[in-house]
Amino acid sequence: MRDNVLSLRPLIVATGLVLAALTAPAHAFSDDEARKAILDLRQQVQQQNEQSQRAKLQLADQIQSLQQEVAQLRDQLELVSRQQPSAKPGAPSGTNPPGTAAGDPQEQAAYDGAMDLFRKGQYKDAAESLAAFTSLYPNSQLAPSALFYLGSSRYGMKDFKGAIEQLTSMVQKSPENARAPDALLIIAGGQIELNNRAGAKASLQRIVRDYPNAPAAATAKSRLQLLQ
């Protein structure tokens, strides 16, 4: 507010001179002084208009750049969330994360069914199935992966608060899981969507700090540059 007042001070002064010229006694200001004050006022008004127009154009450019950043991040996050780690040879199921195994066939079938819905982009149904899985099998070796895809499903539904909540829970419970840095990347995306740039920067910085060798770290670094 103070800067705005300062920037308007020349205009206020010029306006005051014009008013003084118009209202003062004839001997107080000459015709030349009055004309000069009017010309100064016109020049100040023109400069203010030009500055205002430039500011509007700069703001429009900034908004467009931010929209492009968010769109790029959204596309990249959706790609990350859809990626399924390749199973190691001999793994019980191709949908299982490497090194994990379901406790029983029914548990595996519940997980596989939910993952099938997720891969088809049926995020609402996938979220419901994955939530049911985590409720029925909270101690399953597949639970961290189920939480990851539950959060990713929420993100796909544009339920960004729900996505952040689920993925934060996943990272807190399983910080050493291979999907933890990807979860933080999607959390950052949700925070950007919610206009929480400070939170997004913190999430991206955590990836770089805690998971420097993860593929998500390179993406986090590039996104941090865009958020500067």
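Reading the values: rules and limits
- Residues numbered from 1 in each chain as written.
- Predicted model: local features only at pLDDT ≥ 70, side-chain atom pairs only at ≥ 80, totals over all residues.
- Heavy atoms only, no water.
- Axes fitted to C-alpha atoms, helices over the stretch in contact; angles between N-to-C directions.
- Helix = DSSP H or I, 4+ residues; strand = E, 2+ residues; numbered from the N terminus.
- Parallel < 35°, antiparallel > 145°, perpendicular 65-115°, else oblique.
- Left-handed = near helix turned anticlockwise from the far one by under 90°.
- Contact = heavy atoms within 4.5 Å.
- Nonpolar A, V, L, I, M, F, W, Y, C, P; charged D, E, K, R; others polar.
- Expected span 1.5 Å × (residues − 1).
- Polar contact = N/O pair within 3.5 Å; in protein donor to acceptor, adjacent residues only side chain to side chain.
- Phe/Tyr/Trp six-rings, centres within 6.5 Å; stacked < 30°, edge-to-face > 60°.
- Buried < 20%, exposed > 50% of the residue type's maximum accessible area, 1.4 Å probe, protein only.

Trainee: Mind showing me how you'd approach the packing of helix H4 (residues 123–136) against helix H5 (residues 143–156) here?
Mentor: Any two packed helices are characterised by the angle at which their axes cross and by the distance between the axes. Running from N to C, H4 and H5 cross one another at 150 degrees; their axes reach a closest spacing of 9 Å. With respect to H5, the axis of H4 lies roughly antiparallel. Once H4 is placed against H5, the crossing between them reads as left-handed. Taking contact as the criterion, the partners of Tyr123, Ala126, Ala127, Leu130, Ala131, Phe133 and Thr134 in H4 are, on H5, Ala143, Ala146, Leu147, Tyr149, Leu150, Ser153, Arg154 and Gly156. Considered class by class, the residues forming the contact of H4 with H5 number 11 nonpolar, three polar and one charged.

Trainee: Could you clarify how one ought to interpret helix H3 (residues 105–119) in this entry?
Mentor: Along an α-helix, a turn takes 3.6 residues, which lines up residues three or four apart on a common side. In a regular helix each residue adds 1.5 Å, so 15 residues correspond to 21 Å; H3 covers 21 Å between its end C-alpha atoms and thus fits that length. The N-capping residue of H3, defined by a side-chain oxygen 2.9 Å from the backbone nitrogen of Gln106, is Asp104. Two residues or fewer past H3, Gly121 is found with a positive phi of approximately 80 degrees.

Trainee: Honestly, the environment of Lys201 in this entry has me stumped. Any pointers?
Mentor: Relative to the helices and strands, Lys201 resides in helix H8 (residues 197–210). When near neighbours in sequence (up to four residues on either side) are disregarded, Lys201 contacts Leu224, Leu227 and Gln228.

Trainee: Sorry, what's going on with the packing of aromatic side chains here?
Mentor: In this description, an aromatic ring pair is defined by two values, namely the gap between the centres and the angle between the planes. Applying the stated criterion to the full structure yields six aromatic pairs. With 5.2 Å between their ring centres and 65 degrees between their planes, Tyr155 and Phe160 make a pair best called edge-to-face. Overall, the relative accessible area of 4% leaves Tyr155 in the buried class. Here Phe160 falls in the buried class, since its relative accessible area comes to 13%. Through a chain of ring-to-ring contacts, three or more aromatic side chains come together here, namely Phe118, Tyr123, Phe148 and Tyr149.

In short, the description is geometric, and any link to function would need to be established separately.
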